[in-house]
Amino acid sequence: MAETFSQLGSPEDLNKSILSQDPAIGSKATSYSSTSSSKFFSSCVPCEGVAGGGFVTCPTCQGSGEIPQELEKQLVALIPYGDQRLKPRHTKLFVFLAVLICLVTSTLIIFFLFPRSITVQPVGLNSSSVAFDDVDIHLNTTNVLNISNRNYYPITVTQLAIEVLHLSLVVGQVSQSLFLPIGPLTSKQMFYTVTSSILDENTYKICTWQKIKVHHVLLHIQGTLTCSYLSHSEQLVFRSYEYVDCQGNSSVPHLLASHPP
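All residue numbers refer to position in the chain's written sequence, counted from 1. For this predicted model, a pLDDT threshold of at least 70 governs which residues receive local features, and a threshold of 80 or more governs which side-chain atom pairs are given and counted, while totals over whole chains, interfaces and linings are taken from all residues. Each side-chain value is derived from all of the structure's non-hydrogen atoms; neither hydrogens nor water enter the calculation.

1. Concerning the pattern of salt bridges
Side chains carrying opposite charge are able to pair once their charged atoms draw close together.
No. 1: The salt bridge criterion pairs a side-chain nitrogen of Lys or Arg with a carboxyl oxygen of Asp or Glu, the two atoms within 4 Å. In the structure shown here, the tally under the stated rule is 1 salt bridge.
No. 2: We note a salt bridge from Glu 201 to Lys 205, for which the minimum N-O separation is 3.7 Å. With a gap of 4 residues between them, Glu 201 and Lys 205 both fall in helix H5 (residues 201-208), about one helical turn apart. Helix and strand definitions follow DSSP, with helices as H or I runs of at least four residues and strands as E runs of at least two, each counted in order from the N terminus.

As structure tokens, this is what we get:
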């Protein structure tokens, strides 16, 4: 250190080159000196009263000294290598907390947004009406679908397509656009009506013959329900078999069975 000071000059020369020649500042700057036989050069001025009067608190002296405000941007603070301010505190704890928060957030997002099943269950026939002409049977049937949403986000039913078959022949069709919102973890019932025309001669005789007490027509109903959620569309296929009374021209509502959501 002595050799270093010999190259840089004496502490008095440094004070003269760095500090201002202002007498008011010079009185404060006289306290800059070497201590402990030039082994340590103090860069702080001992505190002499309350800070003020053109002076600011010295940041390198931990509040124990002052420097001239004019030299605040010229002096360089020297911090020891072992100073606690240079050592990161609680780094491992912060990293652990950040990783834990990311894992918990990702797990919750996956849990709530993971697609679950949407079930469509035909409940049965709600009402029917029949009409006859010379050779045809015209059936208007209203059926019920139970739609259950097991997701944690809402879905929307956008389209319904139905085909009605009798003796493997398509006797009725319907296709309609819908807007039926269904909330998360809930279920709704949807009604749809299909008009069918049966041209079978034997079926016509069964429905119009008065000596027969039972006048039932077996209809095979199959359909596709389109649902949308989270910018994604899904088609759900369902089918059912319904016995329809074709004895007279009447509309009789049937009792709907309750289904749990």
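2. Section: the state of the cysteines
Working definition: the covalent bond between the sulfur atoms of two cysteines is a disulfide.
No. 1: Cysteine sulfur pairs qualify as disulfides if the two atoms are within 2.5 Å. Summed over all chains, the structure comprises 1 disulfide.
No. 2: Put simply, Cys 207 and Cys 246 are joined by a disulfide, and their sulfur atoms are 1.9 Å apart. Taking the sign of the S-S torsion, about -85° here, the bridge from Cys 207 to Cys 246 comes out left-handed. With Cys 207 in helix H5 and Cys 246 in the segment after strand E12 (232-245), this residue pair connects regions lying 39 residues apart in the sequence.

3. Some thoughts on the packing of aromatic side chains
No. 1: Here a Phe, Tyr or Trp ring, Trp counted by its six-membered ring, pairs with any other such ring whose centre lies within 6.5 Å, and the pair is stacked when the planes are under 30 degrees apart, edge-to-face when over 60, and tilted otherwise. Counted according to the given criterion, the structure contains 5 aromatic pairs.
No. 2: With centroids separated by 5.4 Å and ring planes inclined at 45°, the aromatic side chains of Phe 111 and Tyr 152 adopt a geometry described as tilted. Note that Phe 111 is positioned in helix H4 (residues 91-113) and Tyr 152 in the loop between strand E7 (137-149) and strand E8 (155-166), a separation of 41 residues in sequence.
No. 3: Buried residues are those whose accessible area, probed at 1.4 Å on protein chains only, stays under 20% of the maximum for their type, while exposed residues exceed 50% and partly exposed ones sit between those limits. By relative accessible area, Tyr 152 is classed as partly exposed at 36%.
No. 4: Through a chain of ring-to-ring contacts, the aromatic side chains of Phe 111, Phe 112 and Tyr 152 assemble into a single cluster.

Without other data, these values stay purely geometric and don't point to any function.
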